[in-house]
Amino acid sequence: MVMSVAQQQGFRVGIDVGGTFTDIVFGDLKTGTLFNYKEPSTPDDPSRGVMSGLRAAMERFEIAPSAVLAIVHGTTIGLNAVLQRKGAKLALVVSKGNRDILEIARGSMPSPYDMYAQKDVPLVPRNLVFECGARGGPDGATVAFPEAEEIEALAARLRDAEVESVAVVILHSYANRTLERELIGALSARLPGLEFTASSDVWPEMREYERALVACLNAFIVPLKRRYFERLESGLRSLGIDSPILISTSNGGCISVAAARDRPIETILSGPASGVVAASGLALTLPNRNAVTVDMGGTSADMSVCEDGRPHTTTATHIGEFPLVTPVVGVSAIGAGGGSILWVDSEGLLKVGPESAGADPGPVCFGRGGDRPTLTDCYVALGFIDPDHFLGGRMSLDRDAAHDALRDIGRRLGFSGPDASERAASAGVRIATAKMAGELLKGLARQGADPRDYVLVPYGGAGPTNAAFLAEEARIRRIAVPQAPGLFCALGALTSDLRRDFVRSLPKRLSDNLGKPIAEIFAELAASGSDWLSQERIADADRTLRFSLDMRYRGQAYDIEVVAPQEVALSGDVARILEQFHDEHLSVHGFSDRSAPTEFCNLRVVAVGHTDKPPASRAAAVDSPPEPIRRPCYLADGWTEAIVHQRADLATGRVVQGPAVLEQDDTTVVVPPGWQVEVAEQGHLDIVRKGSS
């Protein structure tokens, strides 16, 4: 559908930069019509792929730059920088006696039974960790602050170290932010142009190591993200786009680009989180609103869980080997992506991943110099993907090259005969699927969940292609494939709300006389959240504040988040908070002890600013759809004729029996024998195993 400029009312644009493709979705804020576009990513400078994709998409769909009202952008630049250790040269300033905070960490070894295991290398080497006389107390009092001479000497050491960024972590600064701010002010006056990160500004939560690590991670990527955002803004201006830029965040929301410049740690897992946000929106339209999501892109497959249409969030995740305590949508890697490479180990066993061909050179069938087969090559060799209509025909694939590369894998596995490449491809898909199913089942088991009670929501370019095989392996009975699964993370960015988390630590034994402090702290956090929403120009009617507490029985080492109604939080109603905690502990762990002393560790307020979004679109009616074709596909260890439909040709209510292949520009949906697919009224594909209820 092409819309003239005169017809346009305005668009919100979601962008997700992946390892292989940059996905762009334009959402019409009046009609809900979505315009989708995929552009090959440019790993050397991701902004180039964004600009070329936007330019091509606006030309293809005849969208004027002035019609773009907002851009929401998710990126993995910060994540990749941390994983590859390619961030800024970083220094850390700590209180005297805390120089080894990163080395000691939590005092644990990565493998306690391996006498030769090596501890992870800290993000900041010890020679770039500097002590100073600043120190706070747990009650917020200033215990010590350095004299001018000590600050001058510290500034000189930082200058001589030629660092690009500095994290400042003063003991107990979560209870008093003034210490770090005054120290940074004094150092900044002596070191203009140097980036500083105060741990209490980024995440004022107790636990010195985790707070130090959050500050270091933020400081590590600040210069990199600032430069990227500058290129992004400059590129958008060159296209004539002068709309607000929002950056997707790890908690499933978004923040202004100005906030993201100072706190890029909040965006580090933004890409995966955006997809889960979109999936949770789809889950709300399903009879069973419990969903397990699988994002299978070019590099990896990630899973998350939505309960009753709400994404699971956590404050206990990892970025590589580094623990992260800021709130994030709970996403865990479970397996390979479409670009994951097949290889045979020294024992003659077939493996898939973790190495990926990425965007350059990409899979063998891309014809860009890749010579090691990937899962995408498997899909082509098995007949799932039509090499002449990849990306809607914008890109042709080399089927023969895929077969040749897979035939070599088959030879090393001992396969012979004319179908050696197909057998190798089928084995690769089965191995990747078995690994994903195993990790998915473990993830559900940790939450006490039965996979039969969940709907699988697959997305990413490879997700719907592999979804039915994964569902069979994991004993999931129903699959819901979104309308544009290959661009689902971009759609999630487009539909996300402004969101920011505020936290304050105050570890105390919970008793009646703490009602007033609880009420006062919640009031301060709520005021901070409201002030931030005002800065973002969110109207009062479009605001939501969510209150919660991290609580535990005295002596426990783990917390439970207890959500408190606003009136309970702001009144400091200790009795009701205690009652909710005991009930929640019973629900999570199967027991509660109402006579035990109880502590709370953190008070939290989540500020949400609801944004304009395209209205939900329904599946379009189809007049006189063309007759489907048939294509041989290698299923169940042999060739079989599969019926092939263009997804756009299927009207609401249309039922197709497997074996079938449904093609669309951004992905291919495979429906094996024993499954059937129906086009739901909401536009998604409802795929069920025959005979299941």
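Everything numeric in this text was worked out from a predicted model, so none of it was measured. (Residues numbered from 1 in each chain as written. Predicted model: local features only at pLDDT ≥ 70, side-chain atom pairs only at ≥ 80, totals over all residues. Heavy atoms only, no water.)

1. A few points about the packing of helix 2 (residues 77-84) against helix 7 (residues 208-238)
Orientation of helix 2 relative to helix 7, taken along the N-to-C sense of each, is 130 degrees, at an axis distance of 10 Å. As judged from the angle between their axes, helix 2 and helix 7 are oblique. Here helix 2 and helix 7 pass one another in a crossing that is right-handed. In this structure, helix 2 contributes Ile77, Gly78, Ala81 and Val82 to the contact, and helix 7 contributes Leu217, Phe220, Ile221, Leu224, Lys225 and Tyr228. Classifying every residue of the contact of helix 2 with helix 7 gives 8 nonpolar, 1 polar and 1 charged. (Axes fitted to C-alpha atoms, helices over the stretch in contact; angles between N-to-C directions. Helix = DSSP H or I, 4+ residues; strand = E, 2+ residues; numbered from the N terminus. Parallel < 35°, antiparallel > 145°, perpendicular 65-115°, else oblique. Left-handed = near helix turned anticlockwise from the far one by under 90°. Contact = heavy atoms within 4.5 Å. Nonpolar A, V, L, I, M, F, W, Y, C, P; charged D, E, K, R; others polar.)

2. What about the packing of aromatic side chains?
Enumeration over the complete set of coordinates arrives at 13 aromatic pairs. Between Phe366 and Phe390, the aromatic rings sit 5.9 Å apart at their centres with planes inclined by 50 degrees, giving tilted as the arrangement. With Phe366 in the loop between strand 22 (350-356) and helix 10 (375-381) and Phe390 in the loop between helix 10 and helix 11 (399-412), this pair connects stretches of sequence that are 24 residues apart. On the basis of an interplanar angle of 85 degrees and a centroid distance of 5.3 Å, the ring pair of Tyr634 and Trp639 is categorised as edge-to-face. Judged by its relative accessible area of 6%, Tyr634 is buried. Of the aromatic side chains, those joined through ring pairs into one cluster are Phe11, Phe26, Phe35 and Phe61. (Phe/Tyr/Trp six-rings, centres within 6.5 Å; stacked < 30°, edge-to-face > 60°. Buried < 20%, exposed > 50% of the residue type's maximum accessible area, 1.4 Å probe, protein only.)

3. Re the environment of Phe145
Position of Phe145 among the secondary structure elements: in the loop between strand 8 (142-144) and helix 4 (148-161). For Phe145, a relative accessible area of 30% corresponds to the partly exposed category. The spacing of Phe145 and Glu195 is 50 residues in sequence and 21 Å in space, taken between C-alpha atoms. Leaving out residues up to four positions away in the same chain, Phe145 has contacts with Gly133, Ala134, Ile151, Leu179, Glu182 and Leu183.

4. Structural notes on the sheet that holds strand 10 (residues 195-198)
The 4 strands are arranged 6-5-9-10 in an open sheet whose pairing can be described as parallel. In the strand order of this sheet, the two ends are held by strand 6 (129-132) and strand 10, each with one partner. Pairs of neighbouring strands in the sheet enclose a mean axial angle of 25 degrees, with direction left out of account. Sheet strands touched by helix 4: strand 5 (90-95), strand 6 and strand 9 (165-169). Its angle to strand 6, the strand with the most contacts, is close to 175 degrees. Helix 7 contacts strand 5, strand 9 and strand 10 of the sheet and is inclined by roughly 160 degrees relative to strand 9. (Pairing = 2+ DSSP bridges.)

5. Describing helix 1 (residues 46-61)
Here helix 1 is 16 residues long and its end C-alpha atoms lie 23 Å apart, about the 22 Å a rise of 1.5 Å per residue gives. Among the residues of helix 1, those classed as buried are Pro46, Ser47, Gly49, Val50, Met51, Gly53, Leu54, Ala57, Met58 and Phe61. In this structure, the buried side of helix 1 is in contact with strand 1 (11-17), strand 2 (21-28), strand 3 (34-40), strand 4 (68-74), helix 2 and helix 7. The positive-phi residue at the C-terminal boundary of helix 1 is Glu62, with phi of around 55 degrees. (Expected span 1.5 Å × (residues − 1).)

6. A word on the domain arrangement of the protein
By the assigned domains, the protein splits into domain 1 (11-81 + 226-267), domain 2 (85-220), domain 3 (498-609) and domain 4 (629-689). Here the C-alpha centre of domain 3 lies 34 Å away from the C-alpha centre of domain 1. Listed per partner, the contact involves 9 residues of domain 1 and 6 residues of domain 3. Where domain 1 abuts domain 3, roughly 620 Å² becomes buried across the two surfaces, and 44% of that area is made up of carbon and sulfur atoms. The largest share of the area that domain 1 buries against domain 3 comes from Asn251, Cys254 and Arg263, three residues that together contribute 56% of it. Summed over the shared surface of domain 1 and domain 3, the number is 1 salt bridge. (Domains from an automatic or database assignment. Buried area = accessible area lost by both parts, 1.4 Å probe. Salt bridge = Lys/Arg side-chain N within 4 Å of Asp/Glu carboxyl O.)

7. Concerning the pairing of strand 14 (residues 300-307)
For strand 14, the buried fraction is high: 6 of the 8 residues fall into the buried class. For strand 13 (residues 291-296) and strand 14, the ladder comprises 6 bridges, and the chain directions are antiparallel. Looking across to strand 14, one finds that Val292 is bridged to Val305. Counted along the chain from strand 13 to the antiparallel partner strand 14, the turn is 3 residues long. Note: strand 14 against strand 20 (residues 332-336), 4 bridges, orientation antiparallel. Note on strand 20: the bridge partner recorded for Ser300 is Ala336. Bridging between strand 14 and strand 15 (residues 310-311) involves 2 bridges; their strand directions are antiparallel. Residue pairing for strand 15: Cys306 is matched across the bridge by Pro311. The antiparallel pairing of strand 14 with strand 15 creates a hairpin that spans 2 residues between the two strands, and Asp308 there sits at a positive phi of about 55 degrees.

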